[in-house]
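# Architecture and fold: a report
Below, each chain spelled out in residue letters.
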Amino acid sequence: MLEGAIKGTIPLTLASFSIGLAIALVVALMRISSNRVLAGLARAYVSVIRGTPLLVQLFVIFFGLPSIGVNIDPWPSAIIAFSLNVGGYAAEVIRAAILSVPKGQWEAGYTIGMSQTQTLRRIILPQAARVSVPPLSNTFISLVKDSSLASLILVTEMFRVAQQISASSFEFMALYLQAAAMYWVICLLLSMVQVRLERRLDRYVAK
């Protein structure tokens, strides 16, 4: 089970969250864009992702797409589903974080000759990052637990290993409790990292 966590759960979570975060940033910028088409597309994407269960999204990609001739292996299917899901939720977090930065920070950037892109990258995003760390950390921790859904499409992660062992040993209670304990330990460690990261980014907040 530990091997399943190291080779399955953790890489799956890291890959999905990284890709999802990149998607979220793009979608968040589209949401606050003055272009109505871009804003509308981003709003529709967020609405679909947040309005449908993650399990349904996963099944549509792995079981649904083959019906139209698109076959994707279990691992890529899980990463695609989890990434799109993270992107939908994290986009709203990032959008709110960007909008929470005082407008005076934008004006300060323009005053010293920065372009809009430079102001966003050097002034706004570092401050928005501090605001978004707690909710994004919660999203990451939730993703660690949600990664167990990948076992339903035969991805060999920690919970899938627990299922395989229990099927032959019939020690369901012991193995599932052990899996729960391992998920709890991982999430506890991530919570500790979250606290340290919040303290590190606190210096970027405008006082």
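Residues numbered from 1 in each chain as written. Predicted model: local features only at pLDDT ≥ 70, side-chain atom pairs only at ≥ 80, totals over all residues. Heavy atoms only, no water.

## A few points about the overall build of the protein
Selection criterion: Numbering goes from the N terminus for both helices and strands, where a helix is a DSSP run of H or I of at least four residues and a strand is a run of E of at least two. Type-normalised accessible area, obtained with a 1.4 Å probe on protein chains alone, sets the label of each residue: buried when under 20%, exposed when over 50%, and partly exposed for intermediate values. In what follows, residue pairs with any heavy atoms lying within 4.5 Å of each other are defined as contacts. Areas reported here follow the Shrake-Rupley algorithm with a probe of radius 1.4 Å; residue values treat only the protein chains shown as occluding. Counting rule for charge: Lys and Arg are taken as positive, Asp and Glu as negative, and neither His nor the chain ends is counted. Charge positions are represented by NZ for Lys, CZ for Arg, CG for Asp and CD for Glu.
Of regular secondary structure, the protein possesses eight helices and zero strands. Along the protein, helices (α) and strands (β) appear in the sequence α-α-α-α-α-α-α-α when read from the amino end. Dimensions of the protein along its principal axes, counting C-alpha atoms only, are 70 × 45 × 25 Å. Counting over 207 residues, the protein shows a buried share of 39%. Of all intrachain contacts in the protein linking residues separated by at least 6 positions in sequence, the fraction that spans at least 24 positions is 72%. Summing over all exposed atoms, the protein offers an accessible surface of approximately 11500 Å²; the carbon and sulfur share of this is 66%. Across the protein, the mean location of the 17 positive side-chain charges is 12 Å away from that of the 9 negative side-chain charges.

## Notes on the UniProt feature "transmembrane region" (unreviewed entry) in the protein
Rules: UniProt positions are given in the numbering used here, feature names are shortened, and annotations may be inferred rather than shown by experiment.
The sites that UniProt annotates as "transmembrane region" (unreviewed entry) are residues 12-32, 44-65 and 173-193. Overall, residues 44-65 shows 86% helix and 0% strand. The separation of its end C-alpha atoms is 21 Å. Here residues 173-193 runs as 100% helix and 0% strand, with 30 Å between its end C-alpha atoms.

## Comments concerning the nonpolar core
Convention followed: Only buried residues count toward a nonpolar core, which is a set of Ala, Val, Leu, Ile, Met, Phe, Trp, Tyr and Cys residues joined through side-chain atoms within 4.5 Å.
Grouped together as the largest cluster of nonpolar side chains are 49 residues, with contacts concentrated most on Met-1, Leu-12, Ala-78, Phe-82 and Ile-124. Elements with a contribution of two residues or more to this core: α1 (2-31), α2 (36-51), α3 (54-64), α4 (74-100), α6 (116-146), α7 (158-169) and α8 (172-201). A per-element tally of this core places α4 first, with 11 residues. Once residues within four sequence positions are removed from consideration, Phe-82 is found in contact with Leu-12, Ser-16, Leu-54, Leu-143, Asp-146, Ser-147 and Ala-150.

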